[in-house]
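Overview (structure and organization)
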Amino acid sequence: MIKNVSVIGAGTMGNGIAHVFAQHHFNVTLIDISEQQLQKAIGIISKNLDRQIAKELISEEQKAVILQHIQTETDISEGVATAQLVVEAATENESIKLQLFKQADEAAPPDCILASNTSSISITRIAAATQRPQQVIGMHFMNPVPVMKLVEVINGYTTSNYVTGTIVELSKQLGKTPALANDYPGFVANRILMPMINEAIYTLHEGVADVEAIDTIMKLGMAHPMGPLQLADFIGLDVCLSILQVLYNGFGSPKYAPCPLLVNMVASKKLGVKTGEGFYTYLPGSKDLVVSDKFRK
């Protein structure tokens, strides 16, 4: 029975993953090199728990217990020393992930499973950075983690059936629905999603329609809860670009080539929600969806 979980990375995905594990009675160690980021993450988890209280999903007493299940650590070796499962949720950068897995492999107990929340990077290549490739797997949560039900479970080339079965059952314990995928660029979710987002950006770039029209057509015509341009802002345009580059390099097909508009927006640091501007402008405290001045007629 897995009870001790270490989460590497205290950003949006990391704090969401820590939240969900702690809420389901796991002992969680949240690891990040920045103490400031760790404290920020605990604050975000606390606020998200308050939202659950407001919706009468949990009580104040349950919130206190959940927070008690989370401890923080800035040293990765200390943070994974007693882990039965490590979930890496660092930035979507292959060299960073390889280094983190090498460190976790050296410090974690021999029977510990090492999972990555990567949305596109090869699990097989990540596993090759360790001495336990059969115990490495992809565990791709969706954002926001406490709300979204899916966990995309990705088998590397040498992932054992036992590890796959363990992670599938663990996902169910978290109240999630696991879906299995094999290790090809983008897996399933982003192999399908990112070309759609890229095509929406091309549609804007080529003047076929404006931001609002593109998103409205996809929301009302295709029953998408969020238009592809708004979704790109939510994901982060830098993350979208990174995933498209993985797809383009992995398949060598021009259909995955990132739109020049996306490349320019990332270069200009217009990354979406996290920078306050992408295809839309995001003002603190406002929920209004306002098209960026750059794309307004």
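Residues numbered from 1 in each chain as written. Predicted model: local features only at pLDDT ≥ 70, side-chain atom pairs only at ≥ 80, totals over all residues. Heavy atoms only, no water.

This part takes up the nonpolar core. Among the nonpolar cores identified, the biggest contains 36 residues, and F21, L85, V87, M139, F141 and I167 are the most heavily contacted of them. Per-element accounting of this core gives the leading share, six residues, to helix α1 (residues 12-23). Membership of the second largest hydrophobic core comes to 27 residues, among which are L244, L261, V266 and V291. (Core = buried A, V, L, I, M, F, W, Y, C linked by side-chain atoms within 4.5 Å. Buried < 20%, exposed > 50% of the residue type's maximum accessible area, 1.4 Å probe, protein only. Helix = DSSP H or I, 4+ residues; strand = E, 2+ residues; numbered from the N terminus.)

Enumeration over the complete set of coordinates arrives at four aromatic pairs. Both rings, one in F21 and one in F26, keep their centres 5.2 Å apart while their planes meet at 90 degrees; by these two values the pair is edge-to-face. Taken individually, F21 and F26 each receive the classification buried, so the pair is uniform in this respect. Seen in terms of ring centroids, F21 and F141 are 6.4 Å apart; in terms of plane orientation they differ by 70 degrees. Their pairing is edge-to-face. Linking F21 in helix α1 with F141 in strand β6 (residues 136-141), this pair joins segments that are 120 residues apart in sequence. Here F141 falls in the buried class, since its relative accessible area comes to 2%. Of the aromatic side chains, those joined through ring pairs into one cluster are F21, F26 and F141. (Phe/Tyr/Trp six-rings, centres within 6.5 Å; stacked < 30°, edge-to-face > 60°.)

That is the geometry; function is a separate question.
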